[in-house]
Amino acid sequence: MNDEYFMEMALNLAKKGIGLTNPNPLVGAVIVKDGKVIGKGYHEKYGENHAEINALNNAKEDVYGATMYVNLEPCSHFGNVPPCVNRIIESGIKKVVIAMEDPNPVVSGKGIQILKENGLEVKVGVLKKEAEKLNEIFIKYISTGKPFVILKVAMSLDGKIATYTGDSRWITDKRAREYVHILRQRVSAILVGVNTVIVDDPMLNTRLNNIECKDPIRIILDSHGRIPLKSNVLNTNSSNTIVVVTNNAAEENIKAIEKTGGEVMITPVKDGKVDLQFLMGKLGERKIDSLLIEGGGEINFSFLKEKLVDKVIFFIAPKIIGGETSKTPVEGKGVEYLKDAIDLKDITMCKIGDDIMVEGYLS
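Please read all numbers here as calculations on a predicted model, not as lab measurements.

### Quick notes on the sheet that holds strand β13 (residues 290-293)
- Ordered in space as β10-β9-β8-β7-β13-β6-β14-β16-β15, the 9 strands form an open sheet in which the pairing is mixed. Each having just a single partner strand, β10 (263-267) and β15 (344-352) make up the two edges of the open sheet. Mean inter-strand twist for the sheet, computed between neighbouring axes without regard to direction, equals 20°.
- The pairing of strand β6 (residues 148-156) with β13 spans 4 bridges and is classified as parallel. Its bridge partner lying in β13, valine 149 is registered against leucine 291.
- Contacts between helix α6 (residues 136-144) and the sheet are confined to β6, β13, β14 (311-317) and β16 (355-362), with β6 contributing the most and set at about 135° to the helix.
- The strands touched by helix α10 (residues 251-259) are β9 (241-246) and β10; relative to β10, the strand with the most contacts, the crossing angle is about 145°.

Written out as structure tokens, the structure is:
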């Protein structure tokens, strides 16, 4: 068994915290002695013990002289919990294998330095790429203070998200829709435009079997406060809903929304709509580290135009809808020349049921 084997174990442990640690990272730790795992743990919930502490607490025997595998550099500062490096040093661990440095400027490199200064052997970079992928949300948020933005689209083979009558349920099959709920579990917030609420009246919650689910914060872009007061998002745990209006919204509309229990966030006007750059800054200030966009073509184009999207996930169903007036995933004005088209990188494709999922990152 090699370092990669035990680091993969740590990464798989880290995944157990998906949806429960935001805005903290996903971290798993494994303690190995004489080639045998004697302790393991992961960061289970925001504000609770870090993975390294849980692994030490769960150890079945004395960890003196053992090696710890952890997918993120141990913290060296006081946050919600004391520094992990202190406990690791005190435990008698002799070696720490780390997948990646912590991008948090408060930590970056300092935890590694402290371990080395106290005589521990440190190895960095084992399964680094996999570790960065796992914590892509944390890396973006801690580096910029703004949410990691995922644009999700479900469309037909000929690029339609609804028929010419507006019917859109369901384009993709059950398994693809279940995967979307896994995405919702992963992020802090989900965003749609008010037209989606008016037409579809969605719940925008997370529904997964046999998993502890948490519902993302629901964000509705609604420049003038037109949201129906009887909509599901304002009548099911409305305190989890933020309706984003501009300062052009009528005061009576704002008060009516607030009376339902929903929150109203007011932004400046930009091109007659919500100022998305301003919004992203405000969401980051509220520790909303990630955002899943499930809007229509206009919303999607607005985010792409503002260069606010980090990752796209397109589900393509083996259906042909047709219709020159049928809605498409990205509308708005579009680009004038092909040279201005938005390019993707690090593209992956897989099959989910009968549908194809294409995932990529903006260049």
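### Regarding the domain arrangement of the protein chain
- The assigned domain composition of the protein chain is domain 1 (3-137) and domain 2 (145-362).
- In this structure, domain 1 and domain 2 have C-alpha centres spaced 34 Å apart.
- Opposite the 12 residues of domain 1 that make contact, domain 2 presents 13 residues.
- Note on domain 1 versus domain 2: buried area summed over both sides is about 1200 Å², and carbon and sulfur give 49% of it.
- Linking domain 1 with domain 2 are 2 salt bridges, by the criterion used here.
- Residue glutamate 359 pairs with lysine 133 through a salt bridge whose shortest N-O separation is 2.6 Å.
- At the boundary of domain 1 and domain 2, one finds 8 residue pairs in polar contact (both at pLDDT 80 or more).

### Points about the UniProt feature "binding site: Zn(2+)" (unreviewed entry) in the protein chain
- Per the UniProt record, "binding site: Zn(2+)" (unreviewed entry) is found at His50, Cys75 and Cys84. Look at the named residues: they lie 35 residues apart in sequence, but the longest C-alpha span between them is just 9.0 Å, so in the fold they bunch up.
- Checked against the element boundaries, histidine 50 lands in the loop between β2 (36-42) and α2 (51-57).
- Within the secondary structure, cysteine 75 sits in the loop between β3 (67-70) and α3 (84-91).
- On the basis of relative accessible area, cysteine 75 is assigned to the buried category, the value being 7%.
- When near neighbours in sequence (up to four residues on either side) are disregarded, cysteine 75 contacts His50, Glu52, Pro82, Pro83, Cys84, Val85 and Val107.

### Observations concerning the sheet that holds β2
- In spatial order, the strands read β2-β1-β3-β4-β5; together these 5 strands make up an open sheet with mixed pairing. A strand with exactly one partner marks an edge of an open sheet, and here the two such strands are β2 and β5 (121-124). Strand-to-strand twist in this sheet, taken as the mean axis angle between neighbours without regard to direction, amounts to 15°.
- With 4 bridges joining them, strand β1 (residues 28-33) and β3 adopt antiparallel strand pairing. Bridging from a neighbouring strand, alanine 29 pairs with valine 70 of β3.
- Lying on the sheet, helix α1 (residues 3-14) is in contact with β1, β2, β3, β4 (95-98) and β5; it crosses β1 at an angle near 145°.
- Set on the sheet, helix α4 (residues 110-117) makes contact with β4 and β5; between it and β5 the angle comes to about 150°.

### As for the packing of aromatic side chains
- Taken as a whole and assessed by the stated rule, the structure comprises 3 aromatic pairs.
- Considering the side-chain rings of tyrosine 5 and phenylalanine 6, the 5.2 Å spacing of their centres and the 85° angle between planes classify their relative orientation as edge-to-face.
- The class for phenylalanine 6 is buried, based on a relative accessible area of 4%.
- On the basis of an interplanar angle of 35° and a centroid distance of 5.2 Å, the ring pair of phenylalanine 6 and tyrosine 69 is categorised as tilted. On the criterion of sequence distance, the pair formed by phenylalanine 6 in helix α1 and tyrosine 69 in strand β3 is long-range, its members being 63 residues apart.
- By relative accessible area, which is 6% here, tyrosine 69 ends up buried.

### Points about the pattern of salt bridges
- Taken as a whole and judged by the stated rule, the model has 16 salt bridges.
- When the shortest N-O distance is used, the salt bridge between glutamate 136 and lysine 311 registers 2.8 Å. On the criterion of sequence distance, the pair formed by glutamate 136 in helix α6 and lysine 311 in strand β14 is long-range, its members being 175 residues apart. A single burial state applies to glutamate 136 and to lysine 311, both of which are buried.
- For lysine 152, the salt bridge is made with glutamate 294, and the minimal N-O distance between the two is 3.5 Å. Linking lysine 152 in strand β6 with glutamate 294 in the loop between β13 and α12 (297-305), this pair joins segments that are 142 residues apart in sequence. One exposure class covers both lysine 152 and glutamate 294, and it is buried.
- Among the charged side chains, a salt-bridge network with shared partners connects Lys133, Glu136, Lys311 and Glu359.

### Quick notes on the environment of lysine 33
- Looking at where lysine 33 falls in the secondary structure, it is placed in strand β1.
- For the pair formed by lysine 33 and valine 197, sequence separation is 164 residues and the distance between their alpha carbons is 55 Å.
- If sequence neighbours within four positions are ignored, lysine 33 has contacts with Ile38, Glu61, Asp62, Tyr64 and Ala66.
- Within the structure, the side chain of lysine 33 is placed 2.9 Å from the backbone oxygen of aspartate 62, a separation counted as a polar contact.

Parameters at a glance
Residues numbered from 1 in each chain as written. Predicted model: local features only at pLDDT ≥ 70, side-chain atom pairs only at ≥ 80, totals over all residues. Heavy atoms only, no water. Pairing = 2+ DSSP bridges. Helix = DSSP H or I, 4+ residues; strand = E, 2+ residues; numbered from the N terminus. Axes fitted to C-alpha atoms, helices over the stretch in contact; angles between N-to-C directions. Contact = heavy atoms within 4.5 Å. Domains from an automatic or database assignment. Buried area = accessible area lost by both parts, 1.4 Å probe. Salt bridge = Lys/Arg side-chain N within 4 Å of Asp/Glu carboxyl O. Polar contact = N/O pair within 3.5 Å; in protein donor to acceptor, adjacent residues only side chain to side chain. UniProt positions renumbered as here; feature names shortened; annotations may be inferred. Buried < 20%, exposed > 50% of the residue type's maximum accessible area, 1.4 Å probe, protein only. Phe/Tyr/Trp six-rings, centres within 6.5 Å; stacked < 30°, edge-to-face > 60°.

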